Amino acid sequence: MARVRIGHSELNVRPVGLGCMGMSQSYGQADDSTSIRTIRSALDLGVDHLDTSDVYGASDITWGVPIRGFGHNEELIGKAISGRRDDVVLATKFAARINETNDGIAIDGRPEYVTAACEASLRRLGTDVIDLYYYHRLDPRVPIEETVGAMAELVSAGKVRAIGLSEVGPQTLRQAHAVHPIAALQSEYSLWERGIEGDIAETCAALGVTLVAYSPLGRSALTGALAADATFAKGDLRATNPRFTAENLGTNLAPVAALNALADQKGCRPGQLALAWLLSRPFPVVTIPGTKRIEYVAENLAATNVALSADESAYLSECFAPGTIVGDRYAPVHAQTVAQR
């Protein structure tokens, strides 16, 4: 697999990494022992980029289900990569906090919190340096220059190698980049969600920022595994997601039929084709599909072997043209944190 450089940093990763959030929250039950085995097997298969956040494990409080605990996912990864730290580019995030007000969500971008959050993440991950440190969600109370300035101090101190932002728009990205080079922008991007195309992607290209696409399989919608009458258990993010409601899911799965048909013609899985489409974009893209099962890790990695012609890429783009997928991409409690300013 060809490697992708993360911005202007010295970090290089394979184009398909592993998002680890689902091992702690949002997509049903997970077993720590199984998750650790999956991570270690993923490294054996060649995965060299793990993505987490300090809040993964605590956020299920917003769905009214038992939580694993703030920092659970980082601790899990720390155990899984013990003795193998040099095999992986390790990415984590800060800013999202859980409290008992504002529906359980609070965002904190204060410089003093940046420093404290980083120290806590280093301890949980069992490492002395974070390769890629993201500002997870924008705190509207704190100027971006102040937050990024504190992140830059972490780089100078040798505690962070490169910094990134998540779910911000062009203006914020430019303001941040003027303080310290931004290596990566992590935002939702897939055939199902193409909102970053245009101004955001163009700004990334102009600044040399690598786009890291989360939910690249549309929260499983692009795998061919969902039926129009699918239902989701309490604690599953999709149970409250407008795109997965009974009113919208059938409409949103209609273009997936074209994805499935083309995948059949090419002898690959629909999810592999969806990832191949992302990797064919005219700007650098790294994907971090999430899964708890090693067979899906292997399947996702094999997407780099799927050759996609320009005509096929254009066909899929047309099938999933912006506006085809209906419904907001988050319920209101979460949508308030992803305003791309």
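To be clear, the structure that these remarks concern was listed above.
Structural notes, computed from the coordinates. (Residues numbered from 1 in each chain as written. Predicted model: local features only at pLDDT ≥ 70, side-chain atom pairs only at ≥ 80, totals over all residues. Heavy atoms only, no water.)

The next subject is the overall build of the chain. Within the chain, the secondary structure is distributed over 12 helices and 12 strands. For 341 residues, the compact-globule estimate of 2.2 N^0.38 gives 20 Å, and the chain sits close to it at 19 Å. By its C-alpha atoms, the chain is 50 × 40 × 40 Å across when sized along the principal axes. Within the chain, the proportion of its 341 residues that are buried is 58%. Intrachain contacts of the chain at a sequence separation of at least 6 include 76% that bridge at least 24 residues. (Helix = DSSP H or I, 4+ residues; strand = E, 2+ residues; numbered from the N terminus. Rg over C-alpha atoms; globule rule 2.2 N^0.38 Å. Buried < 20%, exposed > 50% of the residue type's maximum accessible area, 1.4 Å probe, protein only. Contact = heavy atoms within 4.5 Å.)

The tally for this structure, following the rule as stated, stands at 21 salt bridges. Between Arg124 and Glu74 there is a salt bridge, with its nearest N and O atoms 2.7 Å apart. Here the residue Arg124 occupies a position in helix 3 (residues 111-125), and Glu74 occupies one in helix 2 (residues 72-80), the gap between them amounting to 50 residues. For Glu74, a relative accessible area of 0% puts it in the buried group. Between Glu188 and Arg219 there is a salt bridge, with the nearest N and O atoms lying 2.9 Å from each other. Taken together, the residues span a long stretch of sequence, with Glu188 in strand 10 (residues 182-188) and Arg219 in the loop between strand 11 (210-214) and helix 7 (249-253) at a distance of 31 residues. You'll find Glu188 and Arg219 in the same group, each marked buried. Bridged by salt links that share partners, the residues Arg97, Asp108, Arg110 and Glu112 form one connected network. (Salt bridge = Lys/Arg side-chain N within 4 Å of Asp/Glu carboxyl O.)

Glancing now at the sheet that holds strand 8 (residues 130-135). Hydrogen bonding along the main chain pairs the strands of a sheet, whether they run parallel or antiparallel. Overall, parallel pairing links the eight strands, which are arranged 3-4-5-8-9-10-11-12 in an open sheet. The two strands at the open ends of the sheet, each matched to only one other strand, are strand 3 (18-19) and strand 12 (285-287). Taken together, the four bridges between strand 9 (residues 160-166) and strand 10 define a ladder with parallel strand orientation. Note on strand 10: the bridge partner recorded for Ile163 is Ile182. (Pairing = 2+ DSSP bridges.)

Further remarks concern the side chain of Ser166. Note that Ser166 resides in strand 9. Relative accessible area serves as the criterion here: at 1%, Ser166 is assigned to the buried category. Within the structure, the side chain of Ser166 is placed 3.1 Å from the side chain of Arg137, a separation counted as a polar contact. For Ser166, the side chain forms a polar contact with the main-chain oxygen of Gln186, separated by 2.8 Å. In contact with Ser166, not counting residues within four places along its chain, are Tyr135, His136, Arg137, Leu185 and Gln186. (Polar contact = N/O pair within 3.5 Å; in protein donor to acceptor, adjacent residues only side chain to side chain.)

Right, let's get into the packing of helix 4 (residues 144-156) against helix 5 (residues 170-179). Relative to each other, helix 4 and helix 5 sit at 45°, their axes nearing to 9 Å. In terms of axis orientation, helix 4 runs oblique to helix 5. Like other packed secondary-structure pairs, helix 4 and helix 5 cross with a definite hand, here right-handed. Of the residues in helix 5, those touching helix 4 at Ile144, Glu145, Val148 and Gly149 are Thr172, Gln175, Ala176 and Val179. (Axes fitted to C-alpha atoms, helices over the stretch in contact; angles between N-to-C directions. Parallel < 35°, antiparallel > 145°, perpendicular 65-115°, else oblique. Left-handed = near helix turned anticlockwise from the far one by under 90°.)

It is worth spelling out the packing of aromatic side chains at this point. As enumerated under the stated definition, the model contains six aromatic pairs in all. Seen from their ring centres, Trp192 and Phe244 are 5.1 Å apart, and the 50° between their planes marks the pair as tilted. Note that Trp192 is positioned in the loop between strand 10 and helix 6 (199-207) and Phe244 in the loop between strand 11 and helix 7, a separation of 52 residues in sequence. No difference in accessibility class separates Trp192 from Phe244, as the two residues are buried. (Phe/Tyr/Trp six-rings, centres within 6.5 Å; stacked < 30°, edge-to-face > 60°.)

Between two packed helices, the angle of one axis relative to the other and the distance separating the axes together describe the packing. Between helix 1 (residues 32-45) and helix 2, the least distance of the axes is 9 Å, while the angle of their chain directions is 55°. Classified by the interaxial angle, the pair formed by helix 1 and helix 2 is oblique. The handedness of the crossing between helix 1 and helix 2 is right-handed. For the pair formed by helix 1 and helix 2, the contact residues are Asp32, Ser35, Ile36, Ile39 and Arg40 on the first element and His72, Leu76, Ile77, Lys79 and Ala80 on the second. Its residues assigned to classes, the contact of helix 1 with helix 2 comprises five nonpolar, two polar and three charged. (Nonpolar A, V, L, I, M, F, W, Y, C, P; charged D, E, K, R; others polar.)

Of all hydrophobic cores here, the largest spans 86 residues; its most connected members are Leu18, Ile39, Leu50, Phe94, Leu165 and Leu273. Those residues within four positions of Leu18 in sequence are excluded, and the remaining contacts are Met23, Ile39, Ala42, Val47, His49, Leu50, Asp51, Ile288, Pro289, Thr291 and Val297. Ranked by size, the runner-up nonpolar core spans 16 residues in total, among them Val89, Leu132, Ala162 and Val286. (Core = buried A, V, L, I, M, F, W, Y, C linked by side-chain atoms within 4.5 Å.)

Turning next to the environment of Arg40. With respect to the element layout, Arg40 can be found in helix 1. In this structure, the C-alpha to C-alpha distance between Arg40 and Ile294, residues 254 residues apart in sequence, is 9.4 Å.

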